[in-house]
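# Structural overview for review
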Amino acid sequence: MPIYFDMLPFFLYFVAAVITGFHVYSLLALTVYGVPFNPLEVVSLLGSMVLLLAACISLFRPYAAARVALIACLLIWSFYGPATANLVRTRFQRHKVVATNCGDEWDATSSKHR
Amino acid sequence: MILPFLSLALLTAVTLYSAIVSFRQTEGIEPSWIFPIRTKRSTQIVLGILVLALLIALSFIIGRGPRQESTRSSRFLIPEGYTGWVRIEFEVQGAPPLPMEGGEYIIKIPANGVLHTSSAEQYGWARDRYYYYSGPSTHSLPDSGEGDLIWGKLNGETSGTSGKQKYEEFFVGTAEQFKSQSKEKESSH
C-alpha cells in the first residue's frame, strides 16, 4: 500500500481544518471594519483547531482521532449550520414585485413571468 | 466566493467519515486504505511535529488578533465652542503631515473645520479621542453614551479633476443640533 493511502484521515482532517479555519478567521477579521461580531465564529474557529489536533492524533490512533474530529465537526457546524440554513432560505425565498410594467408582459401581483 | 462552498463540502465529508469511523466495529476487520490502523513511525514523527508547530503558530496569530495591527489612534483637537461638520482631507500634496505624540496622530482642526494633510488615512481598529482646545488648554469631548458630542462619523473618497480625494468627516455638537442640521440638509435638497 503506498504511504499516502495510510494518511487519508490525516489529509482529510488537515485540509478541512485549514480551509474552514481560514474562512472563519477571514470573517472574524471583518469585525475591525464594523461588521457585527458573531460568537459562533469563535466556536467554529476553535473547532477548526481541534480538527487540526485530530489530524495529528490520526497518525497514531485513527479511531480516537475520528471521535475527536467528530466533536470538532459539531463545533464547526454550530456556525456553518445556521449560516447554510439562512443561505438556503434567502435563495429560495420568493421576492414580491414592488413595481411592475403594467400593460406589458409582467403581472401586477405575481412574480411569475407570463 | 468558492471558499464557503469548499468549506461546507469538506466539513460534510469529514463529518461523515469521522462518524463512520467512530461507530463502526473494529474487531476482526482488516485495515484498508480508507480505514488505516496507523502510519509509519517516521511519518508519524515528522507530520506530528509539523502539525503541532502549525497549531502553536495559529494560536499565537489568533491570540494576537486583528486588533493589534499597526493602526494608530488619533487625537482630534477641535477649536473651543466649534459646532458643525469637521472634515479632514488626506494625501493632499503640499499639505503638512500629521504630527505624532505618544503614539497617537494629532489632528488639530483649524477654525474653519477643514484640515488638509499629506498623511494617509488610517484603517482598522483604533480608539480615537476628541478634545476642545483653547490656546494650550484642552478638555475632552464625550464621543459615546449620554452627552455624546461626536456624530455621523464617515469616511469617503471623491474623484474630481485633481484625482481621488480621501476624507473623513464627523459632526461636533449635541444630538439636537445634529438632527436639526440633518433636516436642514434634507430640506435644502
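Details of the structure are given in the entry above.
Let me begin by describing the structure that accompanies this report. (Residues numbered from 1 in each chain as written. Chains lettered and ligands numbered in written order. Predicted model: local features only at pLDDT ≥ 70, side-chain atom pairs only at ≥ 80, totals over all residues. Heavy atoms only, no water.)

### With respect to the nonpolar core
Judged by nonpolar contacts, the single largest core of 36 residues is most densely connected at A:F10, A:Y13, A:L51, A:Y80, B:V14, B:Y17 and B:V21. Elements that contribute at least two residues to this core include exactly α2 (8-29), α3 (39-58) and α4 (62-92) of chain A together with α1 (2-23) and α2 (41-64) of chain B. Here this core takes nine residues from α4(A), the largest share from any one element. Setting aside anything within four residues of it in sequence, one finds B:V14 in contact with A:L12, A:Y13, A:A16, A:L51 and A:C73. In this structure, B:F76, B:V86, B:F90 and B:L115 belong to the second largest nonpolar core, which totals 17 residues. (Core = buried A, V, L, I, M, F, W, Y, C linked by side-chain atoms within 4.5 Å. Buried < 20%, exposed > 50% of the residue type's maximum accessible area, 1.4 Å probe, protein only. Helix = DSSP H or I, 4+ residues; strand = E, 2+ residues; numbered from the N terminus. Contact = heavy atoms within 4.5 Å.)

### Description of the packing of aromatic side chains
The geometry of an aromatic ring pair comes down to the distance between the two centres and the angle between the two planes. Taken as a whole and assessed by the stated rule, the structure comprises eleven aromatic pairs over all chains. Ring geometry for A:F10 versus A:F11: centroids 5.5 Å apart, planes at 70°, classification edge-to-face. By relative accessible area, which is 4% here, A:F10 ends up buried. An aromatic cluster of three or more residues is present, and its members are B:W85, B:W151, B:F171 and B:F178. For B:R87, the ring lying beneath its charged end belongs to B:Y167, and the centroid distance is 4.0 Å. Taking the ring centre of B:Y133 as reference, the NZ or CZ of B:K108 above it sits at 4.8 Å. (Phe/Tyr/Trp six-rings, centres within 6.5 Å; stacked < 30°, edge-to-face > 60°. Lys NZ or Arg CZ within 6 Å of the ring centre and 35° of its normal.)

### Description of the pairing of strand β7 (residues 137-140) of chain B
Of the pairings in the sheet, the one linking strand β6 (residues 129-134) of chain B to β7(B) comprises four bridges and is antiparallel in character. Counterpart to B:Y133 in the pairing with β7(B) is B:T138. (Pairing = 2+ DSSP bridges.)

### Regarding the packing of α4(A) against α1(B)
Across the interface, α4(A) lies against α1(B) with an axial gap of 8 Å and an inter-helix angle of 140°. Regarding the angle of α4(A) to α1(B), the classification is oblique. The chirality of how α4(A) crosses α1(B) is left-handed. Where α4(A) abuts α1(B), its residues A:P62, A:Y63, A:A66, A:R67, A:A69, A:L70, A:C73, A:I76, A:W77, A:Y80, A:T84 and A:L87 lie against B:F5, B:S7, B:L8, B:L11, B:T12, B:V14, B:T15, B:S18, B:A19, B:V21, B:S22 and B:F23. Each residue belonging to the contact of α4(A) with α1(B) can be placed in one class, and the counts come to 17 nonpolar, six polar and one charged. (Axes fitted to C-alpha atoms, helices over the stretch in contact; angles between N-to-C directions. Parallel < 35°, antiparallel > 145°, perpendicular 65-115°, else oblique. Left-handed = near helix turned anticlockwise from the far one by under 90°. Nonpolar A, V, L, I, M, F, W, Y, C, P; charged D, E, K, R; others polar.)

### Topic: the environment of B:N155
All names here are of chain B. Of note, N155 is situated in strand β8 (residues 150-160). N155 sits 68 residues away from R87 along the chain, and the two C-alpha atoms are 9.7 Å apart. The contacts of N155, once residues within four sequence positions are left out, are E121, Y167 and E168. A polar contact is formed between the side chain of N155 and the side chain of E121, at a distance of 2.4 Å. (Polar contact = N/O pair within 3.5 Å; in protein donor to acceptor, adjacent residues only side chain to side chain.)

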